[in-house]
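These are the residues of each chain, in order.
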Amino acid sequence: MKNNYTLTDAMIPGTQGKFQWDLESRCIKDIKLKNTFATEFKVSEMMLNLRQITAIDTQGNEVQIKSFEHETLAVEEISTQKHLKTGILRHLKPGEYQTVRFYIEPKGNFFTTNTEKDEVLPEMEFLEFEIVEGLTIHRGELPNLLFRFDLTPKKEEAKVNRLAEIFRKSLNVGEIFEKKLAESFR
């Protein structure tokens, strides 16, 4: 008697690959997301007012991953080590997925460029991110997804300027405190 099961690294805890496992031995699929708009405008961070996240398979079918009520998502580039974890996805059908779509409120969304310039995101209904190397969900899997965003890293000079500004402000607070303390002894 022959069985119809195949073993993949998505099914075997402890194997190498782009998958991780949670404490209950459920698969966590680590995926990288890329967006053309973000690449062209050298976006390093986004603040999105989310309504819903969906996945689009290779046939163009859209499946809801999660819906939100007034949720703000901070999206940052990969080197910050910040990511979005979906939790267990019971309704994501087996198949090949190529895109994740983030439905957003039309207003109140912002992005920051790699030079620390803040901009308002143009009014749009959604942002689509390509799943780099695609995503495969196998039959019987109930994965968590770990979204990492392939955005432009901030320029070093922008990081240095931001630290210098924080340091400068902390010095000013100390001077103000010293003046008030000195005045109270007069």
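The structure this text deals with has already been given above.
Residues numbered from 1 in each chain as written. Predicted model: local features only at pLDDT ≥ 70, side-chain atom pairs only at ≥ 80, totals over all residues. Heavy atoms only, no water.

Of regular secondary structure, the protein possesses two helices and ten strands. The order of helices and strands in the protein, counted from the N terminus, is β-β-α-β-β-β-β-β-β-β-β-α. Taken over 186 residues, the protein has a buried fraction of 35%. In the protein, 74% of the contacts between residues at least 6 apart in sequence involve partners at least 24 apart. (Helix = DSSP H or I, 4+ residues; strand = E, 2+ residues; numbered from the N terminus. Buried < 20%, exposed > 50% of the residue type's maximum accessible area, 1.4 Å probe, protein only. Contact = heavy atoms within 4.5 Å.)

Time to look at the nonpolar core. Of all hydrophobic cores here, the largest spans 33 residues; its most connected members are Leu33, Met46, Ile53, Phe102, Phe147 and Phe149. At the level of elements, strand E2 (27-34), helix H1 (36-40), strand E3 (43-57), strand E4 (62-76), strand E6 (95-104), strand E9 (126-137) and strand E10 (144-149) are the ones that each hand at least two residues to this core. Among the elements that line this core, the one with the most residues is E3, at six residues. Not counting chain neighbours up to four residues away, the residues in contact with Phe149 comprise Leu33, Val75, Glu76, Glu77, Ile78, Leu84, Phe102 and Phe129. (Core = buried A, V, L, I, M, F, W, Y, C linked by side-chain atoms within 4.5 Å.)

Evaluation of the coordinates by the stated rule reveals nine salt bridges. The salt bridge involving Arg148 is made with Asp30; its shortest N-O contact spans 3.0 Å. Of this pair, Arg148 sits in strand E10 while Asp30 sits in strand E2; the two residues are 118 residues apart in sequence, bridging distant segments of the chain. Taking relative accessible area as the criterion, Arg148 reaches 17% and is therefore assigned buried. We note a salt bridge from Arg101 to Glu62, for which the minimum N-O separation is 3.3 Å. Remark: Glu62 occurs in strand E4 and Arg101 occurs in strand E6; sequence separation between them is 39 residues. Looking at Arg101, the relative accessible area reads 14%, which means it is buried. (Salt bridge = Lys/Arg side-chain N within 4 Å of Asp/Glu carboxyl O.)

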